[in-house]
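Letter by letter, the chains look like this.
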Amino acid sequence: MGEGHETLAMNAGEAEAFVVGLLKEQGPQSTMQIEKLARKEHKRCPDQTVIFLMKMKKKGLIRGEASLEKKGWAWSTP
C-alpha cells in the first residue's frame, strides 16, 4: 500500500547547492552523513558521492579533510 519514493539524481548545479546548503546549515559532515541526508530527501549526487565531493573541493566550493573521528572524510564550507 505504501508507495515507494524514487531517488532522483540531481544535476551538478543542484547537487552543489544541496551540499553547500547542508554544510552551512548542519556544520561539518562525513561522506556517509551527506549520503544519508540526501537519501532522506530522495536525492543523490550525479556521481558517486565521494567523487562528486572531491570535484567540489577542487573547485573550492567546500573543504575536505581526513577525519579519524568521522572515520573518513569530513566536509565543511570554506
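Look up a bit, the structure's there.
Everything numeric here is computed off the predicted structure, so don't read it as measured data.

### Section: the packing of helix H1 (residues 12-26) against helix H2 (residues 31-40)
With their axes 11 Å apart at the nearest point, H1 and H2 run at an angle of 110° to one another. In this view, H1 runs roughly perpendicular relative to H2, as classed from their interaxial angle. Counting all contacts with H1, which are made through Phe18, Val19, Leu22, Leu23 and Gln26, the residues of H2 involved are Ile34, Leu37 and Ala38. Here the residues of the contact of H1 with H2 are counted per class, giving seven nonpolar, one polar and no charged.

### Re the environment of Lys24
Structurally, the position occupied by Lys24 is in helix H1. Measuring from C-alpha to C-alpha, the distance between Lys24 and Ser76 comes to 7.7 Å, with 52 residues separating the pair along the chain.

### Quick word on the environment of His42
Structurally, His42 is set in the loop between H2 and strand E3 (43-44). For the pair formed by His42 and Pro28, sequence separation is 14 residues and the distance between their alpha carbons is 21 Å.

### Things to note about H1
Taking 1.5 Å per residue, 15 residues should reach 21 Å; H1 reaches 21 Å between its end C-alpha atoms and fits that length. Residues of H1 that are buried in the fold lie against strand E2 (29-30), H2, E3, helix H3 (49-58) and strand E5 (72-76). The residue sitting at the N-terminus of H1 and contributing the capping side-chain oxygen is Asn11; that oxygen lies 3.0 Å from the backbone nitrogen of Gly13. Within two residues after H1, Gly27 carries a phi angle of roughly 80°, on the positive side.

### Some remarks on the pattern of salt bridges
A full pass over the atoms with the stated rule returns three salt bridges. Ionic pairing is found between Lys59 and Glu16, a salt bridge with its closest N-O pair at 2.6 Å. Here Lys59 is found in the loop between H3 and strand E4 (63-67), whereas its partner Glu16 is found in helix H1, with 43 residues between them in sequence. Between Glu41 and Lys43 there is a salt bridge, with the nearest N and O atoms lying 3.7 Å from each other. Under the relative-accessibility criterion, Glu41 is labelled partly exposed at 45%. In this structure Lys43 comes out as partly exposed when scored by relative accessible area, which is 29%.

Reading guide: rules and limits
- Residues numbered from 1 in each chain as written.
- Predicted model: local features only at pLDDT ≥ 70, side-chain atom pairs only at ≥ 80, totals over all residues.
- Heavy atoms only, no water.
- Axes fitted to C-alpha atoms, helices over the stretch in contact; angles between N-to-C directions.
- Helix = DSSP H or I, 4+ residues; strand = E, 2+ residues; numbered from the N terminus.
- Parallel < 35°, antiparallel > 145°, perpendicular 65-115°, else oblique.
- Contact = heavy atoms within 4.5 Å.
- Nonpolar A, V, L, I, M, F, W, Y, C, P; charged D, E, K, R; others polar.
- Expected span 1.5 Å × (residues − 1).
- Polar contact = N/O pair within 3.5 Å; in protein donor to acceptor, adjacent residues only side chain to side chain.
- Salt bridge = Lys/Arg side-chain N within 4 Å of Asp/Glu carboxyl O.
- Buried < 20%, exposed > 50% of the residue type's maximum accessible area, 1.4 Å probe, protein only.

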